[in-house]
Amino acid sequence: MNENNKGAKYEQRDVSVRMVLYAGALLVVFVAVSLAFVAFLTGLFSVPDREPTPVRTAERPVAGPRLEVYPKADLDALNASNRRLVETYGRSEDGRIRIPAARAIDILADRGWPNDTNGDGR
């Protein structure tokens, strides 16, 4: 070593070529082992080739999408049914009574909204 370099703040030794070669060889071995392991797993989990099975044809033709022939009439019938449920009295299948919405609004306006202090809360 040169006496002028004793206080130097940089690496004064050279890189060992042997260590660089060992690191490169280790990297190549690691990649080769990794590829062999992946090939082993691919062979382990692959599905064997099979003979293709012929597609069976349907015995009856498949029906196309169900399109509404008269969409306006169907919508009018649906709206009439819903209007009948909202505007008339009736009984549901489970025994509950249905009243018109306008009448229910009037009852709520007179009695107030049921809560724990006013009624049973249902």
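Residues numbered from 1 in each chain as written. Predicted model: local features only at pLDDT ≥ 70, side-chain atom pairs only at ≥ 80, totals over all residues. Heavy atoms only, no water.

A.B. asks: Looking at this structure, I do not really get the overall build of the protein. What am I missing?
C.D. replies: Summing up its helical and strand segments, the protein has three helices and two strands in all. Starting at the N terminus and walking to the C terminus, you meet the elements of the protein as α-α-β-β-α. Counting over 122 residues, the protein shows a buried share of 1%. Per element, the accessible surface of the protein, about 12,500 Å² overall, is 60% carbon and sulfur. (Helix = DSSP H or I, 4+ residues; strand = E, 2+ residues; numbered from the N terminus. Buried < 20%, exposed > 50% of the residue type's maximum accessible area, 1.4 Å probe, protein only. Areas by Shrake-Rupley, 256 points an atom, 1.4 Å probe, with all protein chains shown as cover.)

A.B. asks: Would you mind showing me how to read the UniProt feature "transmembrane region" (unreviewed entry) in the protein here?
C.D. replies: The UniProt record annotates "transmembrane region" (unreviewed entry) at residues 20-45. Taken end to end, residues 20-45 has its terminal C-alpha atoms 38 Å apart, with 100% of it in helix and 0% in strand. (UniProt positions renumbered as here; feature names shortened; annotations may be inferred.)

A.B. asks: Sorry if this is basic, but what is going on with a nonpolar patch on the surface here?
C.D. replies: A surface patch of nonpolar side chains, about 430 Å² in accessible area, is lined by Leu27, Phe30, Val31 and Leu35. Summarising the element assignment, Val31 is placed in helix 1 (residues 17-45). (Patch = residues over 30% accessible without salt bridge, like charges linked within 9 Å, V, L, I, M, F, W, Y side chains within 5 Å. Salt bridge = Lys/Arg side-chain N within 4 Å of Asp/Glu carboxyl O.)

A.B. asks: Is there a simple way to think about the pattern of salt bridges in this case?
C.D. replies: Opposite charge on two side chains permits pairing when their charged atoms draw close. Evaluation of the coordinates by the stated rule reveals two salt bridges. Across the pair Asp76 and Lys72 runs a salt bridge whose closest N-O atoms are separated by 3.1 Å. Of the two residues, Asp76 and Lys72 both sit in helix 2 (residues 71-87), four residues apart, roughly one turn of that helix. You can call Lys72 exposed: its relative accessible area is 59%. The residue Asp94 makes a salt bridge to Arg96 at a minimum N-O spacing of 3.1 Å. On the basis of relative accessibility, which here comes to 53%, the residue Asp94 falls in the exposed class.

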